[in-house]
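Listed here are the chains, written in short residue letters.
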Amino acid sequence: MNNDLDPDGVASALLASISVLVRQVRQVPTEGGLTMPERTALSHLNRSGPTTSSALAREVQITAQAMGATLSTLRARGMVERRPDPNDGRRVVLTVTDAGLQALKDKRNARTELIARALTGGTFTPRELEQLAAAAPLLERLAQNT
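Residues numbered from 1 in each chain as written. Predicted model: local features only at pLDDT ≥ 70, side-chain atom pairs only at ≥ 80, totals over all residues. Heavy atoms only, no water.

### A short note on the pairing of strand β1 (residues 80–85)
Turning to step 1, where the next piece is worked out: Bridge analysis of β1 against strand β2 (residues 88–96) gives six bridges, and the strand direction is antiparallel. Its bridge partner being in β2, Val-80 is matched across the sheet by Val-96.
Turning to step 2, where the next piece is worked out: What sits between β1 and β2 in their antiparallel hairpin is a turn of two residues. (Pairing = 2+ DSSP bridges. Helix = DSSP H or I, 4+ residues; strand = E, 2+ residues; numbered from the N terminus.)

### Describing the pattern of salt bridges
When charged atoms on two side chains of opposite charge get close, those side chains can pair.
Turning to step 1, where the next piece is worked out: On inspection of all chains with the given rule, the structure shows five salt bridges.
Turning to step 2, where the next piece is worked out: The partner of Glu-81 in a salt bridge is Arg-83, and the shortest N-O contact between them spans 2.3 Å.
Turning to step 3, where the next piece is worked out: Residue classification places Glu-81 among the partly exposed residues on the basis of a relative accessible area of 29%.
Turning to step 4, where the next piece is worked out: Judged by relative accessible area, which is 43%, Arg-83 ranks as partly exposed.
Turning to step 5, where the next piece is worked out: For Asp-88, the salt bridge goes to Arg-90, with nearest N and O atoms at 3.0 Å.
Turning to step 6, where the next piece is worked out: According to the relative accessible area criterion, Arg-90 is exposed, its value standing at 76%. (Salt bridge = Lys/Arg side-chain N within 4 Å of Asp/Glu carboxyl O. Buried < 20%, exposed > 50% of the residue type's maximum accessible area, 1.4 Å probe, protein only.)

### Observations regarding the packing of helix α3 (residues 53–60) against helix α4 (residues 64–76)
Turning to step 1, where the next piece is worked out: The geometry of α3 relative to α4 is characterised by a closest axis approach of 9 Å and an angle of 115° between their N-to-C directions. Classed by the angle they form, the pair α3 and α4 counts as roughly perpendicular. Remark: the crossing between α3 and α4 carries right-handed chirality. Contacts from Ser-53, Leu-56, Ala-57 and Val-60 of α3 reach α4 at Ala-64, Met-67, Gly-68 and Leu-71.
Turning to step 2, where the next piece is worked out: Tallied by class, residues from the contact of α3 with α4 come to six nonpolar, two polar and no charged. (Axes fitted to C-alpha atoms, helices over the stretch in contact; angles between N-to-C directions. Parallel < 35°, antiparallel > 145°, perpendicular 65-115°, else oblique. Left-handed = near helix turned anticlockwise from the far one by under 90°. Contact = heavy atoms within 4.5 Å. Nonpolar A, V, L, I, M, F, W, Y, C, P; charged D, E, K, R; others polar.)

### A closer look at the side chain of Thr-97
Turning to step 1, where the next piece is worked out: For Thr-97, the location among the structural elements is in the loop between β2 and α5 (98–120).
Turning to step 2, where the next piece is worked out: Apart from residues no more than four positions distant in its own chain, Thr-97 is found in contact with Gly-78, Met-79, Val-80 and Glu-81.

### Side note on the packing of helix α2 (residues 36–48) against α3
Turning to step 1, where the next piece is worked out: Remark: α2 packs on α3, axes separated minimally by 10 Å, with the N-to-C direction vectors making an angle of 110°. Judged by the inter-axis angle, α2 sits roughly perpendicular to α3. Counted together, Thr-40, Ala-41, His-44, Leu-45 and Ser-48 of α2 and Leu-56, Glu-59 and Val-60 of α3 form the full contact between these two elements.
Turning to step 2, where the next piece is worked out: Class assignment for the residues of the contact of α2 with α3 results in four nonpolar, three polar and one charged.

### Brief notes about unusual backbone geometry
Turning to step 1, where the next piece is worked out: With a phi angle near 60°, Gln-61 is a residue other than glycine that sits in the positive phi range.
Turning to step 2, where the next piece is worked out: Accessibility expressed as a relative area gives 72% for Gln-61, which makes it exposed.

### Considerations on α5
Turning to step 1, where the next piece is worked out: Over its 23 residues, α5 runs 32 Å from end to end, which matches the ideal 33 Å to within 8%, given 1.5 Å per residue.
Turning to step 2, where the next piece is worked out: Taken together, the buried positions of α5 are occupied by Gly-100, Ala-103, Leu-104, Lys-107, Ala-110 and Arg-111.
Turning to step 3, where the next piece is worked out: Contact partners of the buried residues in α5: α1 (7–26), α2 and β2. (Expected span 1.5 Å × (residues − 1).)

### Description of the confidence of the model for the chain
Turning to step 1, where the next piece is worked out: Confidence along the chain averages 91 in pLDDT terms, with 98% of residues attaining 70 or more.
Turning to step 2, where the next piece is worked out: Across the chain, the secondary-structure element scoring lowest on mean pLDDT is β2, at 90, and the one scoring highest is α4, at 96. (pLDDT = per-residue confidence, 0-100.)

### Some thoughts on the side chain of Arg-111
Turning to step 1, where the next piece is worked out: Along the chain, Arg-111 turns up in helix α5.
Turning to step 2, where the next piece is worked out: No salt bridge is formed by the buried Arg-111; its nearest oppositely charged neighbour, Glu-38, is found at 12 Å.
Turning to step 3, where the next piece is worked out: Setting aside anything within four residues of it in sequence, one finds Arg-111 in contact with Val-25, Arg-26, Val-28 and Arg-39. (Lys, Arg positive; Asp, Glu negative; His and termini not counted.)

Structure below.
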């Protein structure tokens, strides 16, 4: 590492710039769009697999009541379904439906298109695009190690 680079300064600059980027892409509208709580619940449910409402609420650190309201809306829209827990018939687990997966995909695609337009809009030189491409796996590793 370059001795002139201050890890605290690098961390501060990365956090500031990534925060701005995340705020921008979160605001991308999509048809039949999801609210932030709905997207969060669907994303976590998709990653973690079938789980209970209370476990999902703990995972995303919101109240069980708030999660229940969010899941109720998602169920009404056909994006989440309830099934008996295969390990405990007294419990119900939630799963993401095909419609929920499509909503997540639509949001991801809209965000990707936003960033692709920014990258191809003439703001970045070919060399800068190469640097951004090289930085992507480093940012992924940074995310995995925080």
